[in-house]
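The chain contents come next:
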Amino acid sequence: MIRINNNWEFTPSWSEDFMRGNAPGTAVRLPHTVRESPLHYASPADYEMVSGYRKVLDLPRDLAGKRVFLQFDGAAHIAEVYINEVKVAEHRSGYTAFRAEITDHLKDTGNVVAVRLDSTENSAIPPFGFVIDYLTFGGLYRDVWLDIRNSVYLDPPFITTPEPGEARVECAVQGDPSGLTKRISILSEAGDSIASAIVPAATLTASVPAPDARCWDLEDPVCYRCRVELLDGSGKVLDTVSETFGFRTVEFKDGAFYLNSRKVFVRGLNRHQCYPYAGYAVPEQLQREDARILKEELQVNAVRTSHYPQSHYFLDECDHRGLLVFTEIPGWQHIGDDAWKKQACENVREMVLQYRNHPSIFLWGVRINESLDDDDFYRETNRIAHELDPSRCTSGVRYIENSHLLEDVYSYNDFSHNGKTPGAMAKKAVTKEDAPLLISEANGHMFPTKAWDPWEKRQEHALRHARVLNAAMADGDHVGCYQWCMFDYPTHQDFGSGDRICYHGVMDYFRNAKPAAATHASQGQRHPVLEVISSMDIGDYAAGIIGNVTCLTNADEVRMYKNDKYVATFHSDPAFSALPHGPVTIDDTVGALLETEDRLKYEDLVRLYGLYIGNWGGQATAWRFDAVTDGEVVASVTKAPSRTLHLDVTASHTELKEGEVYDMAAVRIRLLDEYGNVAVYDPIPVTIMAEGPVEIVGPSVTVLEGGMGGTYLRTTGSSGTARVTLFTDQTEPVSLMFTVKQ
Ligand code: GAL
């Protein structure tokens, strides 16, 4: 398949004239958003339109005997495809791919494809018809492909691994298979063949023993390629298809989840697929970046693609990094009429057929998120999923207790924790069924938290995430817990903070960490984590008295020092004993420093208050926190008055690729004090300047919120070196260098 993302023309208002080439369009490249949106106060008005895309296809001269297809990976939301003014396809879901055969409508030259794209929130199709707590940006926002095949060709194979060391490969032939064979090869990612089989082409499913295959697992996510070649009688290859997969078993039994027969607690976050300014339209590397952030920075082992199937690049990165993915059909609380339900069933079919080789996916969500029971409808969605993929269990996300369980796993959004109540509901209060119970969401709207909220709020946000996870892990009745959610996201007027943003993320919209990110990160062991999530500044406290101080760490203990003098050592709070690493509460800031004096005079008390409590006058107080594992300091945080500030700027990647698609880099910006702490309360404007073959996506002046922000860069078609420089009035400028390669 060839990506055909370049040289499209776009009009925000579709017309037949545009389709016929008689009305102008502006030059665009895909992925494309119908209109860029602002960071705050984005709304459906930014994308609700019926737009048009048009492109002259560049086709090889000799197409005799060939079949020609176009594949659209993401067209939000209702797409009609025309080739040379003839309608060849209509697709009514913005979250799954579709193909259009154009063979019979091609001319010798000058073939024009046009797409009428309806990105209004049309209540005829999911997820529309009622309210939705997220924006549903429009555009041809994923790749478009040209696929030229022989008259006999292969469908994508479907690979299951019922046993370790056995691949079962289902691969259908389109056209007449007589006299043809299929050669199936299992290849390592380096391309070495580890197993193969030859079967008649008409054999739909073949078993390929691969005794040397290694298992796909969370810490060792080995992937393989399955290549199927269609051979004629003389051994000539007529067609080749290949898919990435992994050897692994996933099962639920006795109320627990097992990966390769090993019990695993599913510990994750929900992810939307949106980005500041660009909406849904970002290319491969940024999709992959979110999976990296989840695994490496947030150190979770799982993600739910709320509330729709997401980019294959994101899923592929989950495959390669070892994340467990719960993916689901589009929808939000509302179930429409029969035609709507039929489309939802079609969405199940497309989701399963298009995503079923990803080893990371372990569970299908076949209910409309948080909808009421509708047994006939959900019997059918379950039937379709099980028929198309007997290897995986189904679930569906509920907010109601004791709903009819037609799936294998009861997924429940447990919003019961309000800061005082237990972290999670007991299983018997959620379902009478003897089925595995998964928390699919928690927290979120129960405690929206902005990156610039007072520290107490940000700390409580982090602790609520810890309490819910602790409760879910403690009772032995939950197979896992996905919390709401990875990052802040734009939403409809019915939700959010007036600016139509749900500040529900453990990260901000640019994927900068709030304290709650460390709740999750500190459960992993990929790198040392230490966050002191309480303020150490007396001006942040009533009457200037610093109370208990909370740290999040994955180390054994935290040692505290005041002006380099040892105070005391603290361990994880026993109230969080079910967590791998519970929060650490520091309840003594005097510790070993305390002077013993027999008779204290009033002046002595004043002096001691200043020394231990007020911490003013004399030497400025520097608090140091050392995270210690096996006697070694693995991380250290210092909180002290800072005189200088600097920008900390990190790019998702600095080697950008130009070609059949542009590349985008995410740049995260933080304002740090001289000890590396985020300067939360300094909303400083940052001017961004790009030189060379990249452009800034979004505004060139941005204001840091909670000391954090970001920008995006997009390649502009040529290669070379690019420099991006960020300026503020209070810091030295910072430049990042990028290379753009063709
Ligand atoms: C759930 C819903 C999510 C999000 C969340 C906020 O009810 O499924 O999409 O709105 O609440 O907490």
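Residues numbered from 1 in each chain as written. Predicted model: local features only at pLDDT ≥ 70, side-chain atom pairs only at ≥ 80, totals over all residues. Heavy atoms only, no water.

K.L.:
Let's hear about the overall build of the protein chain: which residues, and what values?
P.N.:
Along the backbone of the protein chain there are nine helices and 51 strands. Relative to its length of 742 residues, the protein chain is compact, with a C-alpha radius of gyration of 28 Å against a globular reference of 27 Å. With respect to the principal axes defined by its C-alpha atoms, the protein chain has extents near 105 × 60 × 50 Å. Across the protein chain, the fraction of contacts at a sequence separation of at least 24, relative to all contacts at a separation of at least 6, is 68%. (Helix = DSSP H or I, 4+ residues; strand = E, 2+ residues; numbered from the N terminus. Rg over C-alpha atoms; globule rule 2.2 N^0.38 Å. Contact = heavy atoms within 4.5 Å.)

K.L.:
So what's going on with the site of the ligand? Which residues, and what values?
P.N.:
The environment of the ligand is made up of 13 residues, and the closest members are Asp133, His307, Trp332, Glu370 and His445. Here the residues of the shell around the ligand sort into four nonpolar, six polar and three charged. (Near = heavy atom within 4 Å. Nonpolar A, V, L, I, M, F, W, Y, C, P; charged D, E, K, R; others polar.)

K.L.:
Explain the packing of aromatic side chains to me, using residue names and the numbers behind them.
P.N.:
For the coordinates displayed, the defined rule picks out 28 aromatic pairs. Seen from their ring centres, Trp14 and Phe18 are 6.2 Å apart, and the 65° between their planes marks the pair as edge-to-face. The class of Trp14 is buried, set by a relative accessible area of 15%. Over the aromatic face of Phe314 sits the side chain of Arg271, whose NZ or CZ is 4.0 Å from the ring centroid. (Phe/Tyr/Trp six-rings, centres within 6.5 Å; stacked < 30°, edge-to-face > 60°. Buried < 20%, exposed > 50% of the residue type's maximum accessible area, 1.4 Å probe, protein only. Lys NZ or Arg CZ within 6 Å of the ring centre and 35° of its normal.)

K.L.:
Describe in detail the side chain of Arg668, supporting the description with residues and values.
P.N.:
The topology assignment puts Arg668 in strand 45 (residues 664-673). Judged by its relative accessible area of 13%, Arg668 falls in the buried class. A polar side-chain atom of Arg668 sits 2.7 Å from a polar atom in the side chain of Glu297. Reaching out from Arg668, the side chain makes a polar contact with the backbone oxygen of Arg511 at a distance of 2.6 Å. (Polar contact = N/O pair within 3.5 Å; in protein donor to acceptor, adjacent residues only side chain to side chain.)

K.L.:
Provide a residue-level description of the sheet that holds strand 37 (residues 549-553), including the pertinent values.
P.N.:
Two orientations exist for strands paired in a sheet by backbone hydrogen bonds: parallel and antiparallel. Spatial ordering of the open sheet is given by 36-37-40, a layout of three strands whose pairing is antiparallel. Two strands lie at the open edges of the sheet, namely strand 36 (530-532) and strand 40 (584-586), each paired on one side alone. Between one strand and the next, the sheet's axes are offset by a mean angle of 25°, whatever the strand orientation. (Pairing = 2+ DSSP bridges. Axes fitted to C-alpha atoms, helices over the stretch in contact; angles between N-to-C directions.)

K.L.:
How would you explain helix 7 (residues 455-474) if you had to name every residue and give the values?
P.N.:
Spanning 20 residues, helix 7 covers 28 Å between terminal C-alpha atoms, matching the ideal 28 Å at 1.5 Å per step. Burial analysis of helix 7 places 15 of its 20 residues in the buried class, the great majority of the element. (Expected span 1.5 Å × (residues − 1).)

K.L.:
How would you summarise the nonpolar core if you had to cite specific residues and measurements?
P.N.:
Residues Trp8, Tyr53 and Leu298 are the most contacted members of the largest nonpolar core, which totals 103 residues. Sorting elements by how many residues they give to this core places helix 4 (residues 338-355) first, with seven residues. Residue contacts for Trp8: discarding those within four places in its chain leaves Thr26, Ala27, Val28, Leu30, Tyr53, Arg54, Lys55, Phe72, Val113, Val115, Leu140 and Val144. Within the second largest apolar cluster, 27 residues are counted, among which are Ile159, Ala195, Ala210 and Leu238. (Core = buried A, V, L, I, M, F, W, Y, C linked by side-chain atoms within 4.5 Å.)

K.L.:
Describe the environment of Ile184, with residues and values.
P.N.:
With respect to the secondary-structure elements, Ile184 resides in strand 17 (residues 181-188). In this structure, the C-alpha to C-alpha distance between Ile184 and Cys171, residues 13 residues apart in sequence, is 9.6 Å. Among all residues touching Ile184, those that are not within four sequence positions of it are Val169, Ala195, Ser196, Ala197, Val199, Ala206, Val208, Cys226, Arg227 and Val228.

K.L.:
I'd love a proper account of the sheet that holds strand 45, names of residues and values included.
P.N.:
With respect to topology, four strands assemble into an open sheet ordered 43-45-49-47, the strand pairing being antiparallel. Each edge of the open sheet carries a strand with a single partner, namely strand 43 (645-651) and strand 47 (694-697). Averaged over all pairs of adjacent strands, the angle between strand axes in this sheet comes to 30°, irrespective of strand direction. Relative to strand 49 (residues 708-715), strand 45 runs antiparallel, the two being bridged by seven bridges. Note on strand 49: the bridge partner recorded for Ile669 is Gly709. In the packing of helix 2 (residues 284-297) onto the sheet, contacts are made with strand 45 and strand 49, and the angle to strand 45 comes to roughly 45°.

K.L.:
Can you explain the pattern of salt bridges? Please cite residues and give values.
P.N.:
Under the definition given, this model contains 57 salt bridges. Residues Glu80 and Lys87 are paired through a salt bridge, measuring 3.9 Å at the closest nitrogen-oxygen approach. Salt-bridge contacts for Lys87 lead to Glu90; the nearest nitrogen and oxygen are separated by 2.7 Å. Judged by its relative accessible area of 38%, Glu90 falls in the partly exposed class. Members of the salt-bridge network, linked through shared partners, are Arg3, Asp143, Glu219, Glu284, Arg288, Lys295, Glu296, Asp316, Glu317, Arg321, Arg526 and Glu660. (Salt bridge = Lys/Arg side-chain N within 4 Å of Asp/Glu carboxyl O.)

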